[in-house]
Amino acid sequence: MSRQRRAPGPCGGRVHNVLRAAWSRAQRAKPSLGVAALVLALGCGGGGQGDGGPKVIVLGFDGMDYGLARHFMETGAMPNFARLAESGRFGPLGTSVPPLSPVAWSNFITGMDAGGHGIFDFIHRDPERMIPEFSTSKAESSERTLKLGKWQIPLGSGKIELLRKGEPFWSVLERRGVETTIIRMPANFPPSGSASRELSGMGTIDILGSPGIFSYYTSELFAADRQVSGGVIYEAWEEDGVVHAELHGPDNPFLVEKEEVTADFELYPDPEEPIAKLVVGSEERLLKVGEWSDWVPVTFELIPTQSLHGMCRFYLKALRPELQLYVSPINFDPLAPDIPISTPEDYATELARRSGRFYTQGMPEDVQALKAGVLDRREFLAQAKIAGDEIRRQYEPVLADFTSGLLFYYFGNLDQVSHMMFRAIDRQHPRYDPVADAPFAGVIEELYRQADEIVGYTLDHMADDTLLIVMSDHGFASLRRRMSLNTWLYERGYLAVKNPDLSQDPGFFANIDWSRTRAYAVGLNGLYVNLAGRERDGIVPPAERRALMEEIAAELLATIDPATGQPAVTKVYRREEVYRDRGAIDVGPDLIIGFARGTGGADDSSLGGVPPEVFTDNDGEWTGDHGMDHETVPGILLTSRPLKRPATELKNLAASILAELGVEGFPATADPGEK
Amino acid sequence: MINSFLRPLFDGLLYPFRGLHPLVGLTVVSLVAAIGILYVFKLTSNQDKLAAVKRKIHAGLFEIRLFNDNPRAILRAQLDILRHNLTYLRLAMVPLLWMIVPLVLVIAQLQFHYGYRGLDPGQSTLVKVELAAAAGRPQAILHAPAGVAVEAGPAWLPALNEVAWRIAAVEPGDYELDLEIGGESLSKSVRVSNDVVRRSPIRPSAAFADQLLYPAEPPLPRGSAVRAIHVVYPPGDAGIPGWESEWTWMIVFFVLSMVFAFALRKPLGVTF
Amino acid sequence: MFGSTKVKLDSDLVKKVKRYADIAGYSSAEEFITHALEKELAKLEDADSEEEIKKRLQGLGYIS
């Protein structure tokens, strides 16, 4: 029996079979050549022209806010949106409870709410082990291994499991013979396997099994003692004209004793000029200070015949007086993916061949590096632009290939950058600084302009009879105040701690005394009863659960934020009432907290910590958010013509799309009252 | 010297295939090589003796089948086969020796046609100047022609005895980079093209071994303070995506030549 | 898996182990010791993977 290992482990055993991939590509190429010849023969060739079947393109802009979009349409910053709205429809699109991307997109995908699809937050908790965990996917290594001295051979393959329940709408379409291409749909990692072509997006892990862990190499003294979230700081010095350092991979799944795999790299600085040469294996790059490298492939040898294929981007921040080198999270290389990131398996490789390597990690914008101060705002924006440009560049061949059926394409840049740049447009924000923020005041408008350009590009390149749908999953608001639910529960006696000195709280439930705790919070909006028989150390008898929930809900709604004089929470939802779908409801929190617009949950509390203060000013870089009362942060829906079946919220949008493609009865399991 | 003759010869021979899929040219080249190998084999080997030895080996194998209940006979037959095999190797060695020099020259030329992929416009790569001796920072200037842009450098890397630049391909074409290193004027070819054309990743020193290994470009002058100038080309894939390696074409070449040689030995009447 | 290793234990402890192995229904003292060690190791390994889970969770931009 081997113990649980992190995600890439078992996948290291998968040999990337180039021959097979090349063969299947060749096989696929045949029919498309035939179609191309036919189209030419019929004399109806032309960019993006279809074959006559119904065509629907859905562009998903994560976090596009209804109010901001309307505003920019009025000021003329979004002419294509405005044009489309005239011929079609534009309006708000109701989001999910809570309004968080994995939940919201799962509502769209399955036509069900979280009670049906089982994604209630970014973070859930394992009630048996009582630890926070990711909500959308789970990695399991092969249970059995053959041990040979210090080596072990996994018997049977490990797997990464998608935890979202319910049938995705595209698989219904495929069953009816409608071809679908689903690019970067959130909460779809590993890819469902049921679309004709799929690339996984938000939720896809980096080589360490995380949403993204960057590395930072510096010669600053004691720098490595600093713990940062989402990254690791390493000390590195120049000696005799060279800096020797290592890239850090996951634990080697072939070793019985846990041991991280590493790959050496060298940096040769010019002794006088701000430039250096980087050497990673057989790869060489010349980088000026302030420059980003392209993707540098890096191979981690596991055993002689097996290796992991990663890639990373380097950013040379400074050479003198101190070395400062940022290295992006190591992404799985789409040219040789060791984990499933696309359907068919070599589709990611095909895309990379056509428009270059790209971030495979689900949320590529490195917000963690900005929060940790490793990148400043300009550097972060440069990095986010690189990531955004890759996705825009990749859109061109995907759109060109689209001839019929459904194309979904996702853009996450607007959401991630809005999170970091919101204060520049909110003078009321506690961190707003008119001087420092002035250069960034136009960033958000620029994001909306870019989205508008993508819509313009699509209109120029699609067939006239295509239905274009532009949508977002939720809106945005300034995040001025933070509320720690766990501290609130503690102060009101619902939660007990082991050490009352909360400044020492290590988080991850470590300081919670379960034997005296009746309720706790984890995730961005979830509140759970410490229920006997469900939670490992549950103490609340099931008969008392309901009364406890009501009591907490009433108290939360009556809580006033002393800084604003306003209620901090405007909605408290009981899961049995707010969710109409069933099947996965047991996974969810007992109460879902709808913070007032402008307020969000505190980070520490989200990971099971109990920080000292209930309310704090938001003084971090993360200044925009949407994890609030869902009615205050709707997304958008823009269609090039009125829909046969209008959709008012994410949950019933897929049914409308299917109706346009001639398919009724989705989802099969939905609450009939909703239809 | 030979190289300066071979370079235009191979450029000319492979010219018709430059715009085609690399496998087309490689197939033809392998076919020609197979025929060449067979002819050299026929001319330089003692075909009669080879045929005789092969018959004896077959006889030995037959003997083993025949006397399979007589260990002594089997042992003797095995020793005979071994002896004849050695004779076969000796006989085959002569044509192999004849072939080795031309083959090395041919392979070296082909390496620079098929071993590397071209630079596309927009693609960046490094120009590296290897210095002969460690000294202070050399004066270093790179004059780029119109089709190539200098993006970064010069970087002086004393630990590597190297001066490097990053250049970007702008427009397709054949270019000469003009370098001034410590007062010395040198040039290095760079090709921006995706065709099957000769690419020279290294302009070598005048040393014989370097010239043998890197025949794609005339060597640097003797006594230069520069040991070699590199332009890094990405490794080729012989037209098979996913098989990027400098040696991919060679595997394809050897496999195809063998197949052709076996297929053609009867029609050409060659025993081997 | 391949072969076994001898471990020296205090003789009092061995006596105790034998007695409790009997009471707890183990077929031998070895089985009891093996089981006890496995249980302890599993705990430690669990703690390990918890550290990894924490590190990975911190990669999520939505929390610090």
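Note that the structure is a prediction, hence the values are computed from the model and not measured.

Conventions and cut-offs
- Residues numbered from 1 in each chain as written.
- Chains lettered and ligands numbered in written order.
- Predicted model: local features only at pLDDT ≥ 70, side-chain atom pairs only at ≥ 80, totals over all residues.
- Heavy atoms only, no water.
- Helix = DSSP H or I, 4+ residues; strand = E, 2+ residues; numbered from the N terminus.
- Rg over C-alpha atoms; globule rule 2.2 N^0.38 Å.
- Buried < 20%, exposed > 50% of the residue type's maximum accessible area, 1.4 Å probe, protein only.
- Contact = heavy atoms within 4.5 Å.
- Areas by Shrake-Rupley, 256 points an atom, 1.4 Å probe, with all protein chains shown as cover.
- Lys, Arg positive; Asp, Glu negative; His and termini not counted.
- Charge placed at Lys NZ, Arg CZ, Asp CG, Glu CD.
- Pairing = 2+ DSSP bridges.
- Axes fitted to C-alpha atoms, helices over the stretch in contact; angles between N-to-C directions.
- Phe/Tyr/Trp six-rings, centres within 6.5 Å; stacked < 30°, edge-to-face > 60°.
- Polar contact = N/O pair within 3.5 Å; in protein donor to acceptor, adjacent residues only side chain to side chain.
- Buried area = accessible area lost by both parts, 1.4 Å probe.
- Salt bridge = Lys/Arg side-chain N within 4 Å of Asp/Glu carboxyl O.
- Patch = residues over 30% accessible without salt bridge, like charges linked within 9 Å, V, L, I, M, F, W, Y side chains within 5 Å.
- Parallel < 35°, antiparallel > 145°, perpendicular 65-115°, else oblique.
- Nonpolar A, V, L, I, M, F, W, Y, C, P; charged D, E, K, R; others polar.
- Core = buried A, V, L, I, M, F, W, Y, C linked by side-chain atoms within 4.5 Å.
- Domains from an automatic or database assignment.

Draft legend 1. Molecular detail of the overall build of chain B. A count of helical and extended segments in chain B gives six helices and eight strands. Moving toward the C terminus, one meets the helices and strands of chain B in the order α-α-α-α-β-β-β-β-β-β-β-α-β-α. Computed over the C-alpha atoms, the radius of gyration of chain B is 25 Å, more than 25% above the 19 Å expected from 2.2 N^0.38 for a compact globule of 272 residues. When the backbone C-alpha atoms are referred to their principal axes, chain B occupies close to 80 × 40 × 35 Å. Taken across its 272 residues, chain B has 43% of its residues classed as buried. For chain B, the proportion of contacts with a sequence separation of at least 24, taken over those separated by at least 6, is 68%. Roughly 14000 Å² of accessible area belongs to chain B as shown, and the carbon and sulfur atoms make up 66% of that amount. The centroid of the 25 positive side-chain charges in chain B is displaced by 15 Å from the centroid of its 21 negative side-chain charges.

Draft legend 2. Looking closely at the overall build of chain C. Looking only at helices and strands, chain C has two helices and zero strands in total. Counting all 64 residues of chain C, 19% fall into the buried class. Accessible surface, chain C: about 5000 Å² in total, of which carbon and sulfur atoms supply 55%.

Draft legend 3. Seen up close, the sheet that holds strand β34 (residues 599-601) of chain A. All names here are of chain A. Taken in spatial order, the three strands line up as β34-β27-β35 in an open sheet, and their pairing is mixed. Lying at the two open borders of the sheet, with one neighbouring strand each, are β34 and β35 (615-617). The average angle at which neighbouring strand axes cross in this sheet is 30°, direction not considered. Where strand β27 (residues 481-483) meets β34, three bridges bridge the pair, whose relative direction is parallel.

Draft legend 4. Just the packing of aromatic side chains, in detail. Residues and elements named next belong to chain A. Inspection of every chain in the model, using the stated rule, returns 32 aromatic pairs over all chains. Relative to Y409, the ring of Y395 has its centre 4.8 Å away and its plane inclined at 55°; by these criteria the two rings are tilted. With Y395 in helix α10 (residues 377-401) and Y409 in strand β24 (residues 405-411), this residue pair connects regions lying 14 residues apart in the sequence. Take Y395: its relative accessible area is 2%, and that puts it in the buried class. Among the residues examined, Y409 registers a relative accessible area of 0% and is labelled buried. Centroid distance Y409 to F411: 5.1 Å. Interplanar angle 45°. Geometry classified as tilted. We note that Y409, like F411, is buried.

Draft legend 5. Summary view of the side chain of S106 of chain A. Residues and elements named next belong to chain A. Within the secondary structure layout, S106 lies in helix α5 (residues 101-110). In this structure the side chain of S106 is engaged in a polar contact, spanning 2.6 Å, whose partner is the backbone oxygen of P102. Once residues lying within four places of it in the same chain are set aside, the contact partners of S106 are G111, M112, H117, I119, R164 and A187.

Draft legend 6. Geometry of the interface of chain B and chain A. Taken together, the contacts link 22 residues of chain B with 20 residues of chain A. Taken together, both faces of the contact between chain B and chain A bury some 1600 Å²; the carbon and sulfur share is 61%. The largest share of the area that chain B buries against chain A comes from L126, R137 and R166 of chain B, three residues that together contribute 26% of it. Remark: the boundary between chain B and chain A carries five salt bridges. For R137 of chain B, the salt bridge is made with D270 of chain A, and the minimal N-O distance between the two is 2.8 Å. Linking chain B to chain A there are eight residue pairs in polar contact (both at pLDDT 80 or more). Those elements that provide at least two residues to the side of chain B that touches chain A are β1 (124-131), β3 (148-157) and β4 (162-169) of chain B.

Draft legend 7. Main features of the sheet that holds β4 of chain B. All names here are of chain B. Judged by pairing direction, the sheet is antiparallel, and its five strands sit side by side in the order β3-β4-β1-β8-β7 without closing on themselves. Each of the sheet's edge strands pairs with one partner strand only, and the pair in question is β3 and β7 (202-203). Looking at chain direction, β1 and strand β8 (residues 226-231) are connected through five bridges and run antiparallel. Considered in β8, the bridge of E130 is made with A228.

Draft legend 8. Summary view of a nonpolar patch on the surface. Nonpolar side chains collect at one region of the surface, where L75, L79, L82, L86 and L89 of chain B lie side by side and expose about 520 Å² of accessible area between them. Residue classification places L82 of chain B among the exposed residues on the basis of a relative accessible area of 52%.

Draft legend 9. Quick look at the interface of chain C and chain A. Each partner contributes residues to the interface: chain C has 20 residues there, and chain A has 40 residues. Regarding the contact of chain C and chain A, the summed buried area is about 2700 Å², with carbon and sulfur atoms giving 63% of it. By the criterion of area lost to chain A, the three top residues of chain C are R56, L57 and Y62 of chain C, representing 29% of everything that side buries. Taken together, the connections running from chain C to chain A amount to one salt bridge. The partner of E52 of chain C in a salt bridge is K258 of chain A, and the shortest N-O contact between them spans 2.4 Å. Counting across the chain C and chain A interface gives five residue pairs in polar contact (both at pLDDT 80 or more).

Draft legend 10. Structural detail: the packing of α10 of chain A against helix α13 (residues 443-461) of chain A. All names here are of chain A. One can describe the packing of α10 onto α13 by two numbers: an axis separation of 11 Å at closest approach and a directional angle of 10°. Classified by the angle their axes make, α10 and α13 are roughly parallel. Along its contact with α10, which presents L381, R392, Y395, E396 and L399, the element α13 presents V443, Q450, I454, Y457, T458 and H461. Partitioned by chemical class, the residues of the contact of α10 with α13 number six nonpolar, three polar and two charged.

Draft legend 11. Inspection of unusual backbone geometry at higher detail. Residues and elements named next belong to chain A. Residue P98 is reached from V97 by a cis peptide bond, and omega for that bond is -10°. Its place among the elements puts P98 in the loop between β2 (89-93) and α5. Each neighbour pair has its own omega, and for R320 with P321 the value is 0°, a cis peptide bond. Mapped onto the elements, P321 comes out in the loop between β20 (314-318) and β21 (324-327).

Draft legend 12. Quick look at the nonpolar core. Among the nonpolar cores identified, the biggest contains 184 residues, and F108, L247 and F314 of chain A are the most heavily contacted of them. It is α13 of chain A that contributes the most residues to this core, seven residues altogether. Ranked by size, the runner-up nonpolar core spans 27 residues in total, among them L177, L179, A216 and V231 of chain B.

Draft legend 13. View of the domain arrangement of chain B. Residue and element names in this part refer to chain B. Domain annotation of chain B identifies domain 1 (2-13 + 20-115 + 247-265) and domain 2 (124-231). When each unit is reduced to the centre of its C-alpha atoms, the spacing between domain 1 and domain 2 is 38 Å. Opposite the eleven residues of domain 1 that make contact, domain 2 presents 13 residues. At the boundary of domain 1 with domain 2, total buried surface from both sides reaches about 1000 Å², with 61% on carbon and sulfur atoms. Interface area lost by domain 1 to domain 2 is led by R7, F112 and H113, which between them contribute 58%.

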